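Each chain is listed here by its residues.
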Amino acid sequence: MIKKIILTILFLPIIFSHSFAEEIGFELKLEKNKVPPGKQVYLEAVFPANKDISIPEIPFIEGLDIRYARTDKESPAGVLKYIYRIAVMKEGVFKIGPVEFDHGGDRYISNTVYLSVERIELPAPGDAGQTGASFDISKHIFLVLDSPKSNVFVNEKVPVVLRLYSDWLDVENIVFSQKPRENLIAKKFDDRTVNTIEKGGIKYVVLEYRSYIYAATPGQYDLEPIDVKFDVAKVKPPSGGSPAETLNQNIQEYDEFIGQGSSRTVELSTKPFSVTVAALPQPEQPESFTGAVGNFTFNMTADPTSVKEGDTVGIKISIGGEGNFDTVGMPKIVEVEGLRVYEPKSVRDKNSVSFDLEARVLSYDVREIPAVTFSFFNPDAAEYRSITKGPIPITIQGEPDRKRSALEGEAKKTVEINIVGLKSLPGRLSRSNMYYYRSKLFASLAVFPILLIIASLVIEKRIKFLSDNPDYAALITSARKARYGLVRSQRLINPGDHKPFYGAVFDTLQQYLGGRSLIPSAGVTAIVLDELSRFEIDPEVLRRVKNIFSECYLARYTSATFTKEEMQKTMEEMRYVINELNKKRFCK
Amino acid sequence: MLSTSLIKKDFVNKIMPLARLSMILCLFLFCCGAAAADERSALEDEFYKANSYYEAGNYKDAIGLYETILASGISSPNLHYNLGNSYLESGQIGSAILHYRKAIFYMPRDSGLRTNYKYALSMMKQRDPNISMHSLLRIVNGLFDMMTIGESYLLFGLLYLAFALLFAASRFVPRYRLAVDILAVFFFVILVLTILPLSNKINDLDREGVIISQIADAKIAPLDDAASGFPMYEGMRAYILKKMEFGWVKIKRPDGKIGWIKDKDIKAVCE
């Protein structure tokens, strides 16, 4: 009984999960339903709900290489699009889907789409006359990628030939684009030849580009199709009325294809290309092997072969033949006492590599340049081969003075021993890696001189501006002085002694008005205030200024007494008039 | 009288906790200082002991002791110099050059250090490739080679400040503006001339490494079976461009050649 209950509890979630699982449909959409082999086409997987669905795997279909390309983020809200790139490799009609997968307890099922791959045949004689809408440029200009090898070894050179066939002479501005692939070195197509052939009664100009690739590690490499972009231009009629030069009688078709402009850009892609790279056999690898793969020749020369002690001998190591010269390294030279070999300079071209190096003879005992062995892997024979050159005998001129040599040897030994001795004190011991220049605080110090320069420029500009605008300068200066005057006057409010307060008020107002109207401050009195009316000052403000001045005269030169409230009121009045006058421009 | 004593008592009550705290802090700082002094003294003892090993020709033990001091996170130019000497005497040219390079950053004008460093270079199987350089740049570089990083920064900072001050001053002395401007331009030219050697020096300090193995095979890719690019011999300098987690280091030789070597073959001058 207990067993049954446990089993029921265990299976219950599974039963329920199946009963609640939903079947959700999603759509597969092809960019085009018909493509030629070697071209690529995009496939979209469109999900109705923008859920967190992982990228579904499209089942393998022979003849098609389907790979996830990207997710469409710009699709309308609520729709999730995964886009796949399909490289078509053979003819036929391919059925894609239904694609099924489970996600989050639901089952997703797609529709089925059909992709038709049809070969573009070379136009038969007489077909070249097709015009107008039926003119298919890919039947007239097409690409052929060719390589003699698809199974190679690591570092083995794989020659690649790209041929552009065109039944039209004026094809220009050809640009190649090829996506890089990790650990696969692909050289640029730069070796170009031009031929003309006739096929099926049609003349073709064939532009042939040669390059090569090689892989640094073993594995299966799928090369992305190479995109070739070029312009098909209209025939330029030669001067003198002679007929235009063309390959075939198809000017009219091309004129219609190119349309209004002088040329039309066309983009074609090659077929995908795969290469299988095998590892080099390890057990029998010679010690002197440095990565050269091919069928090479090897030579070594030395010049001069008769030298004095201390002179240098030039050694030239040349490697020729066929193979990948990019990976040919300098063969190792065995160390010989008394002969110091320096770093070589290498010169590489497509079919050879040479190393020029110097060896300094440091001893009379040196009798030869040692033998050098160059090992390489021959991919055709699938075996390692080694070529040894040398030793090259050399003659050291002059009789060695054995006694002198012995003394020099002693001296050398003494030098070796007598390097400058130890530091007896440890010096300032500090924490390692305390590099203050790496601190941000230190780097921020660099800002200060820049700030100084900026400040000087700003001040200079300000000074120039103020000298060009005396009215504004007077306003600033007078307003600043007035602020100090107001503070000073406020401090001097004292009911017992009103004279200092009114004296300060008078000075403040006099200096302010003098500064603003650019007349000497001492000349500003209640009597001359009418002069200020020419600055279009509000009469009410002027009246209040006059009142303040009158109060000041009264307080300073009569025995009248003033209360604290009266002094406070004068202060308020002065604040008001200065505020009002600050808003006004005093233009002469 | 009573009120005075109450005030005093109140004052003492207020002050006492602060005084206690200050005393504890002083005691703590004193203890820290004493501990640091003790540690320093112990390291100094190790240093003298290592020196005596060296003098006795026991270079292996001397290296061990010097390296122990370095492993504690403490270093000094003299320590690197002595370690360089020990490595040189024991025939490890690469490690000797590495420690001389470290010492040179702190005491570039030390004649003993220069002599031993030159001697270590002469012992190299293969010297660093020569780089062609404009003679003016060579002179300025040579000048900076004779200065520590701090002195180089000080010179640069002074030139920079002098230029900024002169530039600022020329705005406000219209009468002497031309003369001040000429002086500012002069300082600016010198400033520009010092930028490259200074950046080279910082670059050296940040990225320079020295080959410590007898020979390191620089490969074209970080793979054991990748083709060999060029050999690097013991003591040769290289810039460390990238360190991979799986034991490969991307290096650049002073002449621009780039390759991958194992991280055990190279050590950074400033780790």
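Residues numbered from 1 in each chain as written. Chains lettered and ligands numbered in written order. Predicted model: local features only at pLDDT ≥ 70, side-chain atom pairs only at ≥ 80, totals over all residues. Heavy atoms only, no water.

Enquirer: How should I be thinking about the pattern of salt bridges in this particular structure?
Expert: Between side chains of opposite charge, pairing is possible as soon as their charged atoms come close. Residues and elements named next belong to chain A. Enumeration according to the criterion identifies 29 salt bridges over all chains in this entry. Among the ionic pairs, Glu-383 bridges to Arg-385, the shortest N-O distance being 3.0 Å. Of the residues examined, Glu-383 reaches a relative accessible area of 35% and is grouped as partly exposed. Accessibility expressed as a relative area gives 31% for Arg-385, which makes it partly exposed. (Salt bridge = Lys/Arg side-chain N within 4 Å of Asp/Glu carboxyl O. Buried < 20%, exposed > 50% of the residue type's maximum accessible area, 1.4 Å probe, protein only.)

Enquirer: Before we go on, may I ask you to explain unusual backbone geometry in this structure?
Expert: One can expect most non-glycine residues to show negative phi and most peptide bonds to be in trans. All names here are of chain A. Looking along the chain, the bond that leaves Asp-303 and enters Pro-304 is cis, with omega of -5 degrees. In this structure, Asn-155 takes a positive phi of about 70 degrees despite not being glycine. Mapped onto the secondary structure, Asn-155 falls in the loop between β11 (151-153) and β12 (158-166). (Helix = DSSP H or I, 4+ residues; strand = E, 2+ residues; numbered from the N terminus.)

Enquirer: Hey, could you run me through the packing of aromatic side chains in this one?
Expert: Here the distance between the centres and the angle between the planes together describe a pair of aromatic rings. Tallying each qualifying case throughout the model produces 35 aromatic pairs over all chains. Ring centres 5.1 Å apart and planes at 5 degrees place the aromatic pair Phe-101 of chain A and Tyr-108 of chain A in the stacked group. Residue Phe-101 of chain A is classed as buried on the basis of its relative accessible area of 14%. Taking 6.5 Å as the distance between ring centres and 20 degrees as the angle between the ring planes, the aromatic pair formed by Tyr-212 of chain A and Tyr-214 of chain A counts as stacked. By the burial criterion, Tyr-212 of chain A is buried, and Tyr-214 of chain A matches it. Every member of this aromatic cluster is reached through a ring pair, and the members are Phe-26, Phe-47, Tyr-68, Tyr-82, Tyr-84, Phe-101 and Tyr-108 of chain A. Positioned above the aromatic ring of Phe-506 of chain A is the side chain of Arg-556 of chain A, whose terminal nitrogen or guanidinium carbon lies 4.3 Å from the ring centre. When the ring centre of Tyr-239 of chain B is taken as origin, the NZ or CZ atom of Arg-207 of chain B, which lies over that ring, is 5.2 Å away. (Phe/Tyr/Trp six-rings, centres within 6.5 Å; stacked < 30°, edge-to-face > 60°. Lys NZ or Arg CZ within 6 Å of the ring centre and 35° of its normal.)

Enquirer: So what exactly am I meant to see when it comes to the sheet that holds β11 of chain A here?
Expert: Through backbone hydrogen bonds, the strands of a sheet pair up, either in parallel or in antiparallel fashion. Residues and elements named next belong to chain A. With respect to topology, three strands assemble into an open sheet ordered β11-β20-β17, the strand pairing being mixed. Either end of the sheet is taken by a strand with one partner, and the two such strands are β11 and β17 (219-223). Each neighbouring strand pair of the sheet contributes to a mean axis angle of 30 degrees, computed without reference to strand direction. Pairing geometry for β11 and strand β20 (residues 273-278), over three bridges, is parallel. Note on β20: the bridge partner recorded for Asn-151 is Thr-276. (Pairing = 2+ DSSP bridges. Axes fitted to C-alpha atoms, helices over the stretch in contact; angles between N-to-C directions.)

Enquirer: So what exactly am I meant to see when it comes to the interface of chain A and chain B here?
Expert: By a widespread convention, an interface's size corresponds to the accessible area lost as its parts come together. Counting residues at the interface gives 46 residues for chain A and 60 residues for chain B. For the pairing of chain A and chain B, the buried interface totals around 4600 Å² over both sides, and the portion due to carbon and sulfur atoms is 57%. If you sort the residues of chain A by the area they bury against chain B, Leu-422, Lys-423 and Leu-429 of chain A come out on top, with a joint share of 17%. Here chain A and chain B share three salt bridges between them. Counting across the chain A and chain B interface gives 12 residue pairs in polar contact (both at pLDDT 80 or more). Elements with a contribution of two residues or more to the side of chain A that touches chain B: β21 (289-303), β24 (339-341), α3 (402-417), β32 (430-431) and α5 (447-468) of chain A. The element that contributes the greatest number of residues to the side of chain A that touches chain B is α5 of chain A, accounting for nine residues. Here the side of chain A that touches chain B is built from residues that sort into 23 nonpolar, 14 polar and nine charged. Looking at chain direction, β32 of chain A and strand β1 (residues 74-75) of chain B are connected through two bridges and run antiparallel. Looking across to β1 of chain B, one finds that Arg-431 of chain A is bridged to Ile-74 of chain B. (Contact = heavy atoms within 4.5 Å. Buried area = accessible area lost by both parts, 1.4 Å probe. Polar contact = N/O pair within 3.5 Å; in protein donor to acceptor, adjacent residues only side chain to side chain. Nonpolar A, V, L, I, M, F, W, Y, C, P; charged D, E, K, R; others polar.)

Enquirer: For this particular structure, what's the right way to read the confidence of the model for chain B?
Expert: Parts of the model with low pLDDT should not have their predicted coordinates read in detail. Mean pLDDT over chain B: 84, with 92% of residues reaching 70 or higher. With a pTM of 0.45, the predicted complex shows an ipTM of 0.71. (pLDDT = per-residue confidence, 0-100.)

Enquirer: What's the story with the side chain of Ser-170 of chain B in this structure? I'm lost.
Expert: All names here are of chain B. Here Ser-170 is to be found in helix α7 (residues 149-172). Given a relative accessible area of 0%, Ser-170 falls into the buried group. When sequence neighbours within four positions are dropped, the list of residues in contact with Ser-170 reads Arg-177, Val-180 and Asp-181.

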